[in-house]
Amino acid sequence: MKTYDLVGIGNAVVDVITQTDDPFLAEMGIEKGIMQLIEQDRAEVLYGAMNERVQTPGGAVANTIAGAGALGMQSAFIGRVRDDSLGRFYASAMTDHGIDFVNPPVADGETPTSRCMIFVTPDGERSLNTYLGISTGLTSADVPEAVSGNAKLMFLEGYLFDHDAGKTAFREAARATKAGGGMAGIAISDPFCVERHRADFLSLIKNDLGYVIGNEAELKSLFETDDLEVALSKTADICANVVCTRSGDGVALIKDGARVDVGVTSVTPVDATGAGDQFAAGFLYGLSKGADLETCGRMGNLCAGEVISHIGPRPQKDMLAAFKAEGLV
């Protein structure tokens, strides 16, 4: 039976990137600099209007899994794609990087593979238009117990909480990982997602998860407070490992009540996409190796710092070599 250092469950989204200008955004009614959810017909119009498309496999947890795989972790990703050109591209792009893409592309049905159309203007602003497509239909049937039950670490994407079947799949996967001696955790993903599902989030974290990763806004939203210290304390009361990323202010990490704050070197990002995803990859690598809290935080910060130094949400440098250069491994 194959065992995994890390298994992720999340949205399988193809990022489709093109360069354009402000008049094009105005003509197409694209709101600049933000992410908007769109429907299938709008997705097809925007996709057809893109020139010189660059396609990369995306999705927050999938980006983390890709970063972890690049660090040498035996990794798998669970997500839904359609058996269409984008779905086949996504599946092969993951397996080409040594990551097990657990679910074959879905042949039946009419819902296409999820995609995010990203329009980059000359000032570097990215305007994102996301069609969630087939990935939101994830259910327990998509999560083989042979995979979740043989994961040392399981990483869940909060966005999938918007569907009851996704919540059930998460609970079952987390429990299977725990029963197999592993530990499951979550990326909270979005404060608005927390607003919609606060009670379910808190129940999952308290009863089934061993770690939680979120930013200041997300952790504050969990407990409906404006005080980060209160939010950190309350999260630590129900979960053994708590990580709060604070952009340029570094990261706060709590393990069994003991807290460490790890600072970051301030840099101007070329492209901030994927910073949180790659922080998680570095952090989870450290966690899987039994590293202390500060080392895990420093590994995460190094991975985040690397990914914001270039366009795209996945690492381009050998981060294991970077860890060695810093004396972390």
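Keep in mind it's a predicted model, so treat the numbers as computed, not measured.

1. What to know about the packing of helix α10 (residues 275–288) against helix α11 (residues 293–307)
Packed helices, taken two at a time, are described by their axes: the angle between them and the distance between them.
(1) Moving on: Relative to each other, α10 and α11 sit at 150 degrees, their axes nearing to 7 Å. Two packed elements cross with a definite hand, and for α10 against α11 that hand is right-handed. Contact residues: α10 offers Ala-275, Gln-278, Phe-279, Gly-282, Phe-283, Tyr-285, Gly-286 and Leu-287, while α11 offers Cys-296, Gly-297, Met-299, Gly-300, Asn-301, Cys-303, Ala-304 and Val-307.
(2) Moving on: Taken together, the residues of the contact of α10 with α11 break down into 10 nonpolar, six polar and no charged.

2. Focus: the side chain of Asn-103
(1) Moving on: Residue placement: Asn-103 occurs in the loop between β6 (100–101) and β7 (114–120).
(2) Moving on: For Asn-103, a relative accessible area of 10% corresponds to the buried category.
(3) Moving on: At 3.5 Å, the side chain of Asn-103 and the backbone nitrogen of Gly-79 are in polar contact.
(4) Moving on: Not counting the four nearest positions on each side in its chain, Asn-103 is found in contact with Ile-78, Gly-79 and Asp-142.

3. So, the packing of aromatic side chains
(1) Moving on: As enumerated under the stated definition, the model contains nine aromatic pairs in all.
(2) Moving on: Residues Phe-24 and Phe-119 carry aromatic rings whose centres are separated by 5.6 Å and whose planes lie at 35 degrees to one another, so their mutual orientation is tilted. Of this pair, Phe-24 sits in helix α1 (residues 22–28) while Phe-119 sits in strand β7, and the two are 95 residues apart along the sequence.
(3) Moving on: On the numbers, 6.2 Å between centres and 10 degrees between planes, the contact of Phe-279 with Phe-283 is stacked. Here Phe-279 pairs with Phe-283, and both are found in helix α10, just four residues apart, close to one helical turn. No difference in accessibility class separates Phe-279 from Phe-283, as the two residues are buried.
(4) Moving on: Members of the aromatic cluster, joined through ring pairs, are Phe-77, Tyr-90 and Phe-101.

4. Description of the environment of Met-73
(1) Moving on: With respect to the secondary-structure elements, Met-73 resides in the loop between α3 (60–70) and β5 (75–78).
(2) Moving on: Note on Met-73: relative accessible area 5%, which makes it buried.
(3) Moving on: Residues Met-73 and Tyr-285, 212 residues apart in the sequence, show an inter-C-alpha distance of 7.3 Å.
(4) Moving on: Those residues within four positions of Met-73 in sequence are excluded, and the remaining contacts are Asp-5, Leu-6, Ala-68, Leu-284, Tyr-285 and Ser-288.

5. A word on the UniProt feature "domain: Carbohydrate kinase PfkB" (unreviewed entry) in the protein
(1) Moving on: Mapped onto the present numbering, the UniProt feature "domain: Carbohydrate kinase PfkB" (unreviewed entry) falls on residues 46–314.
(2) Moving on: Between the end C-alpha atoms of residues 46–314 there is a gap of 24 Å, over a span that is 41% helix and 21% strand.

6. Considering the sheet that holds strand β2 (residues 13–19)
(1) Moving on: Pairing is mixed across the open sheet formed by five strands, whose spatial order is β3-β8-β7-β2-β4. In this open sheet, the two edge strands, each paired with only one partner strand, are β3 (35–37) and β4 (54–58). If you compare each strand with its neighbour and ignore which way they point, the axes differ by 20 degrees on average.
(2) Moving on: Together, β2, β4 and β7 form the strand contacts of helix α4 (residues 85–96), whose direction differs from that of β4 by roughly 60 degrees.

Parameters and conventions
In this numbering scheme, every chain counts its residues from 1 along its sequence in written order. Local features in this predicted model are restricted to residues whose pLDDT is 70 or higher, and side-chain atom pairs enter the listing and the counts only when it is 80 or higher, whereas totals over whole chains, interfaces and linings include all residues. As a rule here, side-chain values cover all heavy atoms of the structure and leave hydrogens and water aside. Orientation is described by lines fitted to C-alpha atoms, with helices fitted over the stretch in contact, and by angles between N-to-C directions that extend from 0 to 180 degrees. Counting from the N terminus, the helices are DSSP H or I runs at least four residues long and the strands are E runs at least two residues long. Note: crossing handedness is left-handed where the near helix turns anticlockwise from the far helix by less than a right angle, and right-handed where it turns clockwise. The criterion used for residue contact is that any of the two residues' heavy atoms lie within 4.5 Å. Residue classes follow a fixed rule: Ala, Val, Leu, Ile, Met, Phe, Trp, Tyr, Cys and Pro count as nonpolar, while Asp, Glu, Lys and Arg count as charged, and any other residue, Gly among them, counts as polar. When a residue's accessible area, from a 1.4 Å probe over protein chains only, is under 20% of the maximum for its type it is buried; when over 50% it is exposed; and in between it is partly exposed. Any pair of nitrogen or oxygen atoms within 3.5 Å is treated as a polar contact; in protein, a donor-acceptor pairing is required on top of that, and neighbouring residues in sequence qualify only through side-chain atoms on both sides. Here a pair means two rings of Phe, Tyr or Trp (six-membered ring of Trp) with centres within 6.5 Å. Their orientation is stacked below 30 degrees between planes, edge-to-face above 60, and tilted elsewhere. UniProt positions are given in the numbering used here, feature names are shortened, and annotations may be inferred rather than shown by experiment. Pairs of strands are assigned from DSSP output, requiring at least two bridges between the strands.

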